Amino acid sequence: MGDSKKLAAGGNWLWEDSRMMLPEHKLAQNEHQRELRRRARKHIDEAEWSEIAMAFSTSLQLHRLIMIRMFDPFEETRIEGVVERMDQLSGRFMVDGEWFPFRDIEGAVLAEAEGD
């Protein structure tokens, strides 16, 4: 009879609110929420690759600032800087002394041309 009062009107609602989650369940719930926010990789067509290649070439040759959108499954990532090196064989490029893979590029624009 004492247990039935927990769910009945006027019962011990404080007891009902004190249920706990196991740490494993909390981690699973957090991981599930994170997976719901996962982004898909953007497909880039030939025309866009042509524009990206031109921006990279200009940045490398004329030392102009470039803004690069990079793929990340959970957030939008941007790189700003001057392209220092490109390694076609390894499929990577260097900005501010750090290497990045070409396959993760989602877009690129020269900083001065961004307002166009």
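Residues numbered from 1 in each chain as written. Predicted model: local features only at pLDDT ≥ 70, side-chain atom pairs only at ≥ 80, totals over all residues. Heavy atoms only, no water.

Attention shifts here to the sheet that holds strand 1 (residues 66-70). Spatially, 2-1-6 is the arrangement adopted by the 3 strands of the open sheet, whose pairing is antiparallel. Both edges of this open sheet fall to strand 2 (77-81) and strand 6 (105-110), since each of them pairs with a single strand only. Ignoring which end each strand starts from, the neighbouring axes of this sheet average 15 degrees apart. Relative to strand 2, strand 1 runs antiparallel, the two being bridged by 5 bridges. Each bridged residue has a counterpart across the sheet, and for Ile66 the counterpart in strand 2 is Gly81. (Pairing = 2+ DSSP bridges. Helix = DSSP H or I, 4+ residues; strand = E, 2+ residues; numbered from the N terminus. Axes fitted to C-alpha atoms, helices over the stretch in contact; angles between N-to-C directions.)

This next bit is on the pattern of salt bridges. Under the definition given, this model contains 4 salt bridges. Of the charged contacts, one joins Asp104 and Arg41 as a salt bridge, the two residues approaching to 2.9 Å between their closest N and O atoms. Taken together, the residues span a long stretch of sequence, with Asp104 in the loop between strand 5 (98-101) and strand 6 and Arg41 in the loop between helix 3 (23-36) and helix 4 (46-62) at a distance of 63 residues. Look at Asp104 and you get buried, because its relative accessible area is 15%. (Salt bridge = Lys/Arg side-chain N within 4 Å of Asp/Glu carboxyl O. Buried < 20%, exposed > 50% of the residue type's maximum accessible area, 1.4 Å probe, protein only.)

The sheet built from 3 strands is open, its strands ordered 3-4-5 with antiparallel pairing. The two strands at the open ends of the sheet, each matched to only one other strand, are strand 3 (83-87) and strand 5. The mean angle between the axes of side-by-side strands here comes to 25 degrees, regardless of whether they run parallel or antiparallel. Taken together, the 4 bridges between strand 3 and strand 4 (residues 92-95) define a ladder with antiparallel strand orientation. Counted as the bridge partner of Arg85 is Met94 from strand 4.

For the rest of this paragraph, the subject is the nonpolar core. Ranked by size, the top nonpolar core spans 16 residues in total, and within it Phe56, Ile66, Ile68, Met70, Phe93, Val95 and Ile105 carry the most contacts. Contributions of two or more residues to this core are made by helix 4, strand 1, strand 4 and strand 6. Filtering out sequence-adjacent residues up to four positions away, Phe56 remains in contact with Ile66, Ile68, Val83, Met86, Phe93, Phe102, Ile105 and Ala108. (Core = buried A, V, L, I, M, F, W, Y, C linked by side-chain atoms within 4.5 Å. Contact = heavy atoms within 4.5 Å.)

Bringing the side chain of Glu106 into the picture now. Here Glu106 shows up in strand 6. Ignoring sequence-local partners within four residues, the contact set of Glu106 consists of Arg39, Ala40, Lys42, Ile44, Arg69, Met70 and Phe71.

To continue, consider the side chain of Thr58. Checked against the element boundaries, Thr58 lands in helix 4. According to the relative accessible area criterion, Thr58 is buried, its value standing at 18%. At a separation of 2.9 Å, a polar atom in the side chain of Thr58 contacts the main-chain carbonyl oxygen of Met54. Apart from the residues within four sequence positions on either side, Thr58 is in contact with His63, Arg64 and Leu110. (Polar contact = N/O pair within 3.5 Å; in protein donor to acceptor, adjacent residues only side chain to side chain.)

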